[in-house]
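Next come the chains, spelled out residue by residue.
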Amino acid sequence: MQKNEKGNILTVKPDGLTIIWGGPASNGRYWHKATDFVELIAVTWLEVKCSLPLSFLSANTQYELSFSLKFKEESQGWNTHPVIFCVRVPGQKTIYKRVDLSKEIATSGNDWIDLPKGLVFKIENTKENEKLDFGMYEIENDQWKKGLMIQSVKIKPVK
């Protein structure tokens, strides 16, 4: 986990994420871990999540959360169900954004893109031992998904 030079953007690298089917026991069968990103080889159950102490963020501040993603040319399995991005702040309703990644693949080319757009939440206060939970999921379709790369998750204040 890193903050940028100004200290206002929190970045979670892939090592800070919990990736279902991505642990050491899978031996790289489903996910490949490179130096700066993780690449989805193939899964039917996409679940990438994280919990962070609220103390990493400032009270009375609104934030936007996004995943920095890239798609390989041979990406597939993204056209039948949306991917659900969510964030949960203790004491608040979970906020969800559904994104049709097949549309994003068609327009992103070979560039890293930040998704979803507009996943905004507010930290009212920061109590000790409380955590911010967030993730991206596609668990309703048993079609094989592949060709997704995750570079980081960014949490930045909304101005």
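Definitions and cut-offs
- Residues numbered from 1 in each chain as written.
- Predicted model: local features only at pLDDT ≥ 70, side-chain atom pairs only at ≥ 80, totals over all residues.
- Heavy atoms only, no water.
- Salt bridge = Lys/Arg side-chain N within 4 Å of Asp/Glu carboxyl O.
- Buried < 20%, exposed > 50% of the residue type's maximum accessible area, 1.4 Å probe, protein only.
- Patch = residues over 30% accessible without salt bridge, like charges linked within 9 Å, V, L, I, M, F, W, Y side chains within 5 Å.
- Areas by Shrake-Rupley, 256 points an atom, 1.4 Å probe, with all protein chains shown as cover.
- Helix = DSSP H or I, 4+ residues; strand = E, 2+ residues; numbered from the N terminus.
- Pairing = 2+ DSSP bridges.
- Core = buried A, V, L, I, M, F, W, Y, C linked by side-chain atoms within 4.5 Å.
- Contact = heavy atoms within 4.5 Å.
- pLDDT = per-residue confidence, 0-100.

Our next topic: the pattern of salt bridges. What the rule picks out here adds up to six salt bridges. Measuring nitrogen to oxygen at the nearest pair gives 3.4 Å for the salt bridge that ties Glu-74 to Lys-72. Of the charged contacts, one joins Lys-145 and Glu-138 as a salt bridge, the two residues approaching to 2.9 Å between their closest N and O atoms. In this pair, the class of Lys-145 matches that of Glu-138, namely buried. When salt bridges with common partners are traced through the structure, they connect Glu-39, Lys-72 and Glu-74 into a single cluster.

Right, let's get into a nonpolar patch on the surface. A contiguous nonpolar surface patch, about 310 Å² in accessible area, is contributed by Trp-21, Trp-45 and Ile-139. Among the secondary structure elements, Ile-139 is positioned in the loop between β12 (131–138) and β13 (146–157). Taking the relative accessible area as the measure of exposure, Ile-139 reaches 40% and is therefore partly exposed.

Backbone torsion omega between Leu-115 and Pro-116 reads -5°, so that peptide bond is classified as cis. Positioned with a positive phi, Asn-60 is a non-glycine residue whose angle comes to about 55°. Within the element layout of this structure, Asn-60 appears in the loop between β6 (46–53) and β7 (61–76). Judged by its relative accessible area of 58%, Asn-60 falls in the exposed class.

As summarised here, the arrangement of the five strands in space is β3-β6-β12-β8-β9, forming an open sheet in which the pairing is antiparallel. A strand with exactly one partner marks an edge of an open sheet, and here the two such strands are β3 (18–19) and β9 (95–99). Pairing geometry for β6 and β12, over eight bridges, is antiparallel. Its bridge partner being in β12, Leu-52 is matched across the sheet by Leu-132.

Turning to the nonpolar core, a few remarks are in order. Ranked by internal contacts, the top residues of the largest apolar core, which has 39 residues, are Trp-31, Phe-67, Phe-121, Phe-134, Met-136, Ile-150 and Ile-155. Those residues in contact with Ile-155 that sit more than four places away from it in its chain are Asn-8, Ile-9, Leu-10, Leu-52, Leu-57, Tyr-63, Glu-64, Leu-65, Phe-121, Leu-132 and Phe-134.

A residue-level look at the protein chain finds 92% of positions with pLDDT of 70 or above and a mean pLDDT of 90. Within the protein chain, strand β1 (residues 2–3) has the poorest average pLDDT of any element, 62, and strand β8 (residues 83–88) the best, 98.

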